[in-house]
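Survey of secondary and tertiary structure
Chain by chain, the residues:
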Amino acid sequence: MLLSSVIASIMFKHRVVPLQWPLNRSWQHLFNGLGLRSWSRFWLALVLSFGVALGAAIALPAPELVDIQAIAPTIQLDLRYATTNNFTGQKLYAQARCLLRPQVATRLALVQADLEAKQLGLKVFDCYRPLSVQKRMWELVPDANYVADPKSGSRHNRGSAVDLTLVDRQGHALPMPSEFDEFSPRSHLDYQGGTPTTRQNRDLLQTAMLKRGFTSIPTEWWHFDAPNWQSYPLLDIPLSAGNAWH
Ligand SMILES: [Zn+2]
């Protein structure tokens, strides 16, 4: 804002632009009618430029994505796609950041607070995923059973989905019926095999997330969607995006 005003000042002072600029004829008539002299016009233009710049600054939209560490710093990160420890065997994310829509991050913070009251917590495996990474995944594994076709996109591309598990007070992951991203019946919500403890942990995670409005899918115990996830458009903002709160 200050810069724009300084530039405007220099341009007017050195007559880089005529004094009537940027006023069109009707504005010139108005100014002439007001009996404003050249330097009065200059000062008025300067004040107007300040006003416009200030208005633009106030009207800046909220960031589309926020870093969960800024909202709920006790949530643990294990962002698998930022490592080779994932089903593609390739590092797909340039940065290990959990970005989410602000409303989704706030909701997840409530789940974390609920769990901390029970000496538990969350550990996230995946959050927002840029659409370009979805395309790369599809190139590596072009199978709709495992990867969402980038033509329609993944819910993770909308910043409205999260993959996670439970941890205890020491940060150790609680045993679950399957591994993360294990595409087998053991990952299904209705899987009745394994030990009672793993099934209880799975159900505890479901209860905690659904209590705060998230919804689950029947084939992946780790995946949850925020309410109205369809209303968030697909994004291809890089994980290093400057507009994400740090
Ligand atoms: Zn997921």
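This paragraph deals with the overall build of the protein chain. The helix and strand inventory of the protein chain stands at seven helices and seven strands. Along the protein chain, helices (α) and strands (β) appear in the sequence α-α-α-β-α-β-β-α-β-α-β-α-β-β when read from the amino end. For the protein chain, long-range pairs separated by at least 24 residues make up 72% of all intrachain contacts whose partners lie at least 6 apart in sequence.

Looking at the protein chain, the pLDDT average stands at 84 and 73% of residues meet or exceed 70. Within the model, pLDDT remains below 50 along residues 1-24, and this stretch shows 26 contacts once partners closer than five positions in the same chain are excluded.

Another aspect to go through is the pairing of strand β5 (residues 161-167). Taken across its seven residues, β5 has six buried, putting it largely inside the fold. Across five bridges, strand β4 (residues 121-126) lies against β5 in antiparallel orientation. In the strand pairing of β5, Asp126 is matched with Asp163. Note: β5 against strand β7 (residues 220-225), three bridges, orientation antiparallel. Paired with Ala161 across the bridge in β7 is Asp225.

Turning our eyes to something else, we now look at the nonpolar core. Judged by nonpolar contacts, the single largest core of 38 residues is most densely connected at Ile68, Leu99, Leu100, Leu108, Val124, Cys127 and Val162. Every element with two or more residues in this core is listed here: β3 (99-100), α5 (102-116), β4, α6 (131-140), β5, α7 (196-211) and β7. By residue number, the principal contributor to this core is α5, which donates five residues. Excluding its chain neighbours within four sequence positions, the residues that come into contact with Val124 are Ile68, Ile75, Leu77, Asp78, Cys98, Val162, Asp163 and Leu164.

Right, let's get into α7. Residues lying three or four places apart along an α-helix face the same way, a consequence of the helix completing one turn every 3.6 residues. The end-to-end C-alpha distance of α7, which contains 16 residues, comes to 22 Å, matching closely the 22 Å that a straight helix rising 1.5 Å per residue would cover. Buried within α7 are the following residues: Asn201, Arg202, Leu205, Ala208 and Met209. All buried residues of α7 fall inside an arc of 130° around its axis, so they share one side. Within α7, the exposed residues directed more than 90 degrees away from the buried face are Pro196, Gln200, Asp203, Thr207 and Lys211. Where α7 ends, the next residue or the one after it, Gly213, has phi of about 95°, a positive value.

What follows deals with the pairing of β4. Taking burial as the measure, the six residues of β4 include five buried ones, the bulk of the element. Note: strand β2 (residues 76-77) against β4, two bridges, orientation parallel. Bridged to Gln76 within β4 is Lys123.

The strand order across the open sheet built from five strands is β2-β4-β5-β7-β6, with neighbouring strands paired in mixed fashion. Either end of the sheet is taken by a strand with one partner, and the two such strands are β2 and β6 (215-217). Taken strand by strand, α5 contacts β4 and β5, and its axis lies near 140° from that of β4.

This part takes up the environment of Ile237. Summarising the element assignment, Ile237 is placed in the segment after β7. For Ile237, a count of 18 C-beta atoms within 10 Å corresponds to the partly exposed category. Along the backbone, Ile237 and Leu131 are 106 residues apart, and their C-alpha atoms lie at a distance of 8.1 Å. Residues within four places of Ile237 in sequence aside, it is in contact with Glu64, Leu65 and Pro130.

Here we take up α6. Along α6, the residues classified as buried are Val133, Gln134 and Met137. All buried residues of α6 fall inside an arc of 105° around its axis, so they share one side.

A positive phi is found at Gln119, a non-glycine position, where the angle reads about 60°. Mapped onto the secondary structure, Gln119 falls in the loop between α5 and β4. Unusually for a residue other than glycine, Asp181 sits at a positive phi of about 60°. Topologically, Asp181 is positioned in the loop between β5 and α7.

Definitions and limits used
- Residues numbered from 1 in each chain as written.
- Predicted model: local features only at pLDDT ≥ 70, side-chain atom pairs only at ≥ 80, totals over all residues.
- Helix = DSSP H or I, 4+ residues; strand = E, 2+ residues; numbered from the N terminus.
- Contact = placed C-beta atoms within 7 Å.
- pLDDT = per-residue confidence, 0-100.
- Buried ≥ 20, exposed ≤ 12 C-beta atoms within 10 Å, placed from the backbone.
- Pairing = 2+ DSSP bridges.
- Core = buried A, V, L, I, M, F, W, Y, C linked by C-beta atoms within 7 Å.
- Expected span 1.5 Å × (residues − 1).
- Arc of directions from axis to C-beta.
- Axes fitted to C-alpha atoms, helices over the stretch in contact; angles between N-to-C directions.

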